[in-house]
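# Secondary and tertiary structure notes
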Amino acid sequence: MFFGFFGRRSAAGPSRAQLLEQAARMPLLAGLSADESVRLAALAGVFARKKVFSGAAGLTVTPAMVASVTLQMALPVMNLGKEALDGWQEIVLYPSAFVVRDHWMEPGGVVHEGDSVLIGQARLDGPVILSWPDVKRSSGRDGWNVVIHEIAHKLDMLNGDANGFPPLHKGMSREQWSHDWAAAYADFQQQLEREGEMAEEGWLDPYAAESPAEFFAVLSEAFFECPQGLAEDYPAVYRQLVAFYRQDTLARLSGLE
Ligand SMILES: [Zn+2]
């Protein structure tokens, strides 16, 4: 349906120098060693060449936009290999939040249809769709990152529907993963129920309680941007994410402003 809205594909991707220069200015990437930054920029360059970028609703995609998206998407997979994001091609950028037509089923089986306003969407059938202003806003370190969120969904989808249970690496226990994530999810839901309207804004966005898939994606955002609260409140889940992404973000980010 929305393929009709797609604009022109950008002609040229970002240069290596542009990727390195933009990486150096992203607070999200502070804490990476010089070697890691070079490796991350190289991986971003691969995604810039391999993925097809389209501007929707009149947006012209520039090399700087491609650099911003690919640097952020390279961070969660920098120790997983570029193959982790194989199997889909297209990244669509919108000039603002965008509307998608959704179907959902109520308990009892009644199917509803309606419009949702989104800033990002990872589709099981292919594209990742992002609002460009929100991509730009994501490169700080405040626990909120739409690119990492949608990439986490994409990794989760490597074994079917997003459900908070991505394919694990050799040596990781499926039982332990289930146990640790289910315990943290139940705890967070209880916390929201207990506090209700009184809930103070903590490090974890209440949207995480929407489903196990959203819990995994939102905690992945926190993991890469400000892992302190996550490591304190849900240390077992923090360790699962260290094993899954093969990065110790707490060690990397501690000591930075
Ligand atoms: Zn999501």
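Scroll up to find the structure this text is about.
Below: a short report on this structure. (Residues numbered from 1 in each chain as written. Predicted model: local features only at pLDDT ≥ 70, side-chain atom pairs only at ≥ 80, totals over all residues.)

### Some points on the nonpolar core
What counts is decided by this rule: Under the definition applied here, buried Ala, Val, Leu, Ile, Met, Phe, Trp, Tyr and Cys residues are grouped into a nonpolar core through C-beta atoms within 7 Å. Counting other C-beta atoms within 10 Å of each residue's C-beta, where C-beta atoms are placed from the backbone, gives the exposure class: buried for 20 or more, exposed for 12 or fewer, partly exposed between. A run of H or I in DSSP counts as a helix once it spans at least four residues, and a run of E counts as a strand once it spans at least two, with each numbered from the N terminus. By definition, residues are in contact whenever their C-beta atoms, placed on the basis of the backbone, come within 7 Å of each other.
L40, A44, L71, A74, L93, L130 and L219 are the most contacted members of the largest nonpolar core, which totals 67 residues. Looking at which element gives the most residues to this core, the answer is helix α3 (residues 63-77), with nine residues. Beyond its immediate chain neighbours, meaning those up to four positions away, L219 contacts A208, L230, V237 and L241.

### Some thoughts on the environment of A152
Here A152 shows up in helix α5 (residues 146-156). A count of 29 C-beta atoms within 10 Å places A152 in the buried class. As for A152 and I91, which are separated by 61 residues in sequence, their C-alpha atoms are 15 Å apart.

### Side note on the environment of H103
Position of H103 among the secondary structure elements: in strand β4 (residues 98-105). Under the C-beta neighbour-count criterion, H103 is labelled exposed, with 8 such atoms within 10 Å. Taking the C-alpha atoms as reference points, H103 and A17, separated by 86 residues in sequence, lie 44 Å from one another. If sequence neighbours within four positions are ignored, H103 has contacts with V111 and E113.

### Details of the packing of helix α2 (residues 34-50) against α3
Spelled out, the test is: For helices, the fitted line uses only the C-alpha atoms of the stretch in contact; every axis is such a line through C-alpha atoms, and the angle between N-to-C directions lies from 0 to 180 degrees. Angles are sorted into four bins: roughly parallel if under 35 degrees, roughly antiparallel if over 145, roughly perpendicular if 65 to 115, and oblique for all others. Should the near helix be turned anticlockwise from the far one by less than a right angle, the crossing is left-handed, and should it be turned clockwise, the crossing is right-handed. Lys, Arg, Asp and Glu make up the charged group, whereas Ala, Val, Leu, Ile, Met, Phe, Trp, Tyr, Cys and Pro make up the nonpolar group; the residues left over, Gly among them, are polar.
At a minimum axis distance of 8 Å, the contact between α2 and α3 shows a crossing angle of 120 degrees. Regarding the angle of α2 to α3, the classification is oblique. For the element pair α2 and α3, the recorded crossing hand is right-handed. Across the interface between the two elements, L40, L43, A44, F47 and A48 from α2 touch V66, A67, T70, L71, M73, A74 and L75 from α3. Within the contact of α2 with α3, the residues separate by chemical class into eleven nonpolar, one polar and no charged.

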